[in-house]
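This is what each chain is made of:
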Amino acid sequence: MNQRIEQIWGKFRSNFWLSLAFDAALILAVFLAIHSWQTRDLPRDEPAPQTVLQLLDGDSAQSAVMNGEAGIVYFFAPWCFYCKTSIGNLDNLVGDGRVAWGTVVALDYTDPSEVREFIDSTGVSLPVLMGTAQTAANWSVRAFPTYYVIDADGRISSRSVGYSTLLGMWVRNWMAG
């Protein structure tokens, strides 16, 4: 029996395209399973929490969500490597006009200078809001980065945890309409 299975498996793996398709499907299945597990407790298809926070510059406060057009609220921590490598994707999408608006919210920081250093090192030009532990609780943020796509009606359309590509952010925002 084992020898028969080994023969079938060997023949299957010797076909390049079939083997490639199998490997790609397996990788995709693992990726989707991890994504589902990471986002299992994050809200979806409900109104975004009303969140008005102080801007990093300290001069004024701003809402994290802008109704009327779909956009993205991105939560980061200044010590987070993946935040540093993916926050520019959102900045580029908003800068190019492919996403109507984006707001970044700092969490898990010790002081505003730590956030300022992070923002300066990444070159982000989006509004930076200074979140609190209550902000993290309201949005169910437990890992970084976490972002939510908000539709034109102010409802959570999609969410993600961890690094996200420019294409991934754009597709989720496009699907929100």
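So, a few notes on the structure that sits alongside this text. Every chain is numbered independently, its residues counted from 1 as its sequence is written. Totals for whole chains, interfaces and linings use all residues, but because this is a predicted model, local features are given only for residues with pLDDT of at least 70 and pairs of side-chain atoms are given and counted only at 80 or more. To obtain the side-chain values, all non-hydrogen atoms of the structure were used and water was disregarded.

## Observations concerning the pattern of salt bridges
Then, in step 1: One speaks of a salt bridge when a side-chain nitrogen belonging to Lys or Arg is within 4 Å of a carboxyl oxygen belonging to Asp or Glu. Applying the stated rule across the entire model yields four salt bridges.
Then, in step 2: Between Asp23 and Arg13 there is a salt bridge, with its nearest N and O atoms 2.8 Å apart. Remark: Arg13 occurs in helix α1 (residues 2–14) and Asp23 occurs in helix α2 (residues 16–38); sequence separation between them is 10 residues.
Then, in step 3: Each residue is assigned to one of three classes by its accessible area relative to the maximum for its type, calculated with a 1.4 Å probe on protein chains only: buried under 20%, partly exposed between the two thresholds, exposed over 50%. Using a relative accessible area of 31% as the deciding quantity, one classes Arg13 as partly exposed. By definition, any uninterrupted DSSP run of H or I lasting at least four residues is a helix, any uninterrupted run of E lasting at least two residues is a strand, and each is numbered from the N terminus.

## Structural notes on the nonpolar core
Then, in step 1: Nonpolar cores were defined as sets of buried Ala, Val, Leu, Ile, Met, Phe, Trp, Tyr and Cys residues, with membership established by side-chain atoms within 4.5 Å. Core analysis: the biggest nonpolar cluster contains 46 residues, and Val73, Tyr74, Phe76, Trp139 and Ile150 have the highest contact counts within it.
Then, in step 2: Going through the elements one at a time, β3 (71–76), α3 (81–95), β4 (101–106), α4 (112–122), β5 (128–130), β6 (146–150), β7 (156–161) and α6 (166–176) are the ones with two or more residues in this core.
Then, in step 3: Contact definition: two residues touch when any of their heavy atoms are within 4.5 Å. In contact with Tyr74, other than residues within four places in its own chain, are Tyr82, Cys83, Ser86, Ile87, Leu90, Thr103, Val104, Val105, Pro145, Thr146, Tyr147 and Met169.

## Details of α3
Then, in step 1: Expected helix span is given by 1.5 Å per residue-to-residue step, counting one fewer step than there are residues. With 15 residues, α3 extends 22 Å from end C-alpha to end C-alpha; this agrees with the ideal 21 Å at 1.5 Å per step.
Then, in step 2: Among all positions of α3, only Cys83, Ser86, Ile87, Asn89, Leu90, Asp91, Leu93 and Val94 are buried.
Then, in step 3: In this structure, the buried side of α3 is in contact with β3, β4, α4 and α6.

## Quick look at the packing of aromatic side chains
Then, in step 1: We call Phe, Tyr and Trp rings a pair once their centres come within 6.5 Å, taking the six-membered ring for Trp, and we label the pair stacked below 30 degrees between planes, edge-to-face above 60, and tilted otherwise. Summed over all chains, the structure comprises 12 aromatic pairs.
Then, in step 2: Where Phe16 meets Trp17, the ring centres are 4.9 Å apart and the plane angle is 80 degrees; that geometry is what we call edge-to-face.
Then, in step 3: Of the residues examined, Phe16 reaches a relative accessible area of 52% and is grouped as exposed.
Then, in step 4: Taking relative accessible area as the criterion, Trp17 reaches 63% and is therefore assigned exposed.
Then, in step 5: An angle of 20 degrees between the planes, with centres 6.1 Å apart, marks the rings of Trp170 and Trp174 as stacked. Of this pair, Trp170 and Trp174 both sit in helix α6, four residues apart, roughly one helical turn.
Then, in step 6: The exposure class assigned to Trp174 is exposed, which follows from its relative accessible area of 59%.
Then, in step 7: Following the ring pairs from residue to residue traces out a cluster consisting of Trp9, Phe12 and Phe22.

## Description of the sheet that holds β5
Then, in step 1: Taking strand neighbours across the sheet as the criterion, the five strands line up as β5-β4-β3-β6-β7 in an open arrangement whose pairing is mixed. With partners counted over all chains shown, the strands left at the sheet margins are β5 and β7, one partner each. In this sheet, adjacent strand axes meet at a mean angle of 20 degrees when their direction is disregarded.
Then, in step 2: Looking at chain direction, β6 and β7 are connected through five bridges and run antiparallel. Within β7, the position partnered with Tyr148 by the bridge is Arg159.
Then, in step 3: Each of β3, β4 and β5 is contacted by α4, which is oriented at about 160 degrees to β5, the strand it contacts most. Between any two strands, pairing holds if DSSP finds at least two bridges. With axes taken as lines fitted to C-alpha atoms, and helix axes fitted only over the stretch in contact, angles between N-to-C directions fall between 0 and 180 degrees.

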